[in-house]
Every structure is written in C-alpha cells, then in structure tokens.
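# Results of the structural survey
One letter stands for each residue in the lines below.
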Amino acid sequence: MKLVRTRQELAESVTEWQRAGETIGVVPTMGSLHAGHLALVTALDGKATRRIVTIFVNPIQFNNPDDFHLYPRGLEADAALLEKTGRVDILYAPDETQIYAPGFSTRVIVSGLDAMLCGNDRPGHFNGVATIVTKLFMQTRADIAVFGEKDFQQLCIVRRLVQDLDLPVSILPVPTVREADQLALSSRNRRLSHTQRDRAAHLPASLQTCIAELKAGKNLEACLKTCWHDLEEAGFTVHYLELRSEKNLQLTQPSDPTARLFVAASLGDVRLIDNMPLC
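All values derive from a computational prediction rather than experimental measurement. (Residues numbered from 1 in each chain as written. Predicted model: local features only at pLDDT ≥ 70, side-chain atom pairs only at ≥ 80, totals over all residues. Heavy atoms only, no water.)

Taken from the UniProt record, the annotation "active site" (unreviewed entry) applies to H37. Take H37: it is sitting in helix α2 (residues 35-42). Here H37 is in contact with T29, G31, S32 and S187, once residues within four sequence places are set aside. (UniProt positions renumbered as here; feature names shortened; annotations may be inferred. Helix = DSSP H or I, 4+ residues; strand = E, 2+ residues; numbered from the N terminus. Contact = heavy atoms within 4.5 Å.)

Here's what the structure looks like:
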C-alpha cells in the first residue's frame with residue numbers, strides 16, 4: 001500500500017491504472033478507521049482491480065467547530081489497519097491545501113434530501129458532504145465508490161448527486177456493521193465514556209423493539225412515542241425518530257416495503273445515528 005499526500009501523485013497512479021484498463025474503487029472516509037470501514041474495502045472484492053481509501057476530515061461539513069476539532073484522528077494507526085488487509089493500493093490522505101485552494105467558494109447542494117433528518121439541526125452539513133465527495137470522485141476518477149448504510153441519508157444524497165451530475169461512478173451500498181450488542185460501529189463511539197457506552201446499546205435495542213411492534217400491527221404514532229420515551233429514560237437526548245422510505249426519504253407508513261426507521265440521539269455531547277429497515 002502506498003501513502004499518497006498530493007493530487008499530482010494520485011493523478012500519476014490513476015492515469016497509469018486507467019491506461020492499463022484497471023477498474024478503480026474508492027472508499028471515502030474521515031479516518032479513525034474501524035471494522036465498518038474495512039467491510040467497505042472488502043465489498044470491492046471482485047468489483048475493482050485497484051482500491052483507494054481516502055482519509056480527509058472535511059472542515060466544511062462540520063457546523064460545530066468543536067466537533068471538527070474533537071473528531072478522532074490517527075493516520076499511522078489507520079494506515080497500519082489498512083495495510084493488514086492486503087487489499088488497498090493507495091491510501092490518499094491529503095491536507096486541506098490539496099482539497100480547498102485559497103479562495104475556494106463552490107458548494108454542491110442536493111436540494112430536498114438535505115432538508116430533513118440530520119439536515120434539520122446540522123445546517124450546511126450535507127452541502128459539505130456533497131462537495132467533498134464530488135471532489136474526491138474527480139480526484140480519484142473512481143469507477144465504483146462504496147458507502148455504508150449507517151449514514152443512509154448521506155448514501156441517498158450521494159446517489160442523487162451522481163445521478164443529477166452524470167458522474168461516471170457507480171455507488172455500492174454496504175449494510176451497517178454492528179458490535180456484539182448491535183450498536184452501529186462509528187468513529188464517534190470512541191468518545192463515549194464507559195457508562196455511556198453501556199447505555200448506547202439501548203439505541204439499537206429500542207429500534208428493534210419498535211420495529212417488532214410495528215410489524216405486529218401496532219399504531220405507528222404510539223410505537224414512535226414509546227420508543228422515544230424509552231430512549232430518554234436510558235439517558236439519550238433524542239433529535240429525531242421517524243419512519244421514512246429508503247427510496248426518497250419521505251415520511252411513510254409501516255405497510256411500505258421500503259420503510260426504514262431513522263434515529264439520531266445524543267449521549268452527552270456524542271451524537272449517534274442509526275437506521276433499520278422494517279423488512
């Protein structure tokens with residue numbers, strides 16, 4: 001695996017691969033890697049002959065500056081983890097100058113999909129996500145890009161921007177990777193105290209209970225109200241708990257085969273998100 005820090009060096013390798021007829025897969029990340037990220041790398045088995053993992057903590061997607069500065073970083077450990085997989089050709093870890101030149105003023109906005117769920121209380125977040133993803137697609141010239149379903153709203157936004165801008169890249173979704181207690185793997189989990197980590201298991205458990213009740217025919221509003229209350233009793237501050245279609249993220253009913261339950265809730269200053277399909 002080669003560590004690349006500049007656009008020029010990346011372009012040289014990508015050009016060589018394209019001339020040789022290679023298929024390029026990319027896994028965009030912000031680092032602090034875990035088994036969930038490795039599952040994204042593995043998902044490219046048989047689909048790409050060359051693999052790039054990008055690590056860039058994107059400042060323009062953080063609406064809270066403190067969150068940006070607190071985001072865990074550890075390039076050396078991340079590189080070692082990727083090296084062990086034997087699957088990654090390039091780890092692209094640019095600094096901010098390689099991504100945002102002085103005077104950079106462009107934003108990619110995916111209207112509609114950015115105005116719900118996490119978009120409600122994280123203004124500008126998805127504009128930052130869409131902008132960095134578009135830039136990474138251009139810089140890596142990837143044929144396939146892999147995204148996890150844990151960040152399902154992000155996945156929908158990326159799919160839409162690729163479709164709307166006619167970008168020549170296929171999007172490969174990968175199911176959420178979970179801990180033994182079903183908590184979705186996330187870099188933010190490392191910021192939880194021991195007590196908070198124990199409480200965090202209530203999040204997936206409450207979703208599973210709510211889904212079971214909905215599938216048993218119970219009233220949607222009552223199930224959501226109970227689930228919300230259970231999470232608050234466990235110490236969470238709930239930001240949203242909604243049933244939406246995974247096709248367009250519109251509010252929906254349990255009878256919809258595309259229905260998916262979405263939640264965002266915080267323990268202290270650590271915000272956790274999750275989602276689960278009803279079917």
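For helix α1 (residues 7-19), spanning 13 residues, the distance from its first C-alpha to its last is 18 Å, which sits close to the expected 18 Å at 1.5 Å a residue. Residues of α1 that are buried include every one of L10, S13, V14 and W17, and no others. An end-on view of α1 places all buried positions within 95° of arc, on one side of the element. More than 90 degrees from the buried face of α1, the exposed residues found are Q8, E16 and R19. Each element contacted by the buried residues of α1 is listed here: β1 (2-4), β2 (24-29), β3 (50-55), β4 (90-92) and α7 (125-140). Of the residues trailing α1, G21 is marked for its positive phi of about 80°. (Expected span 1.5 Å × (residues − 1). Buried < 20%, exposed > 50% of the residue type's maximum accessible area, 1.4 Å probe, protein only. Arc of directions from axis to C-beta.)

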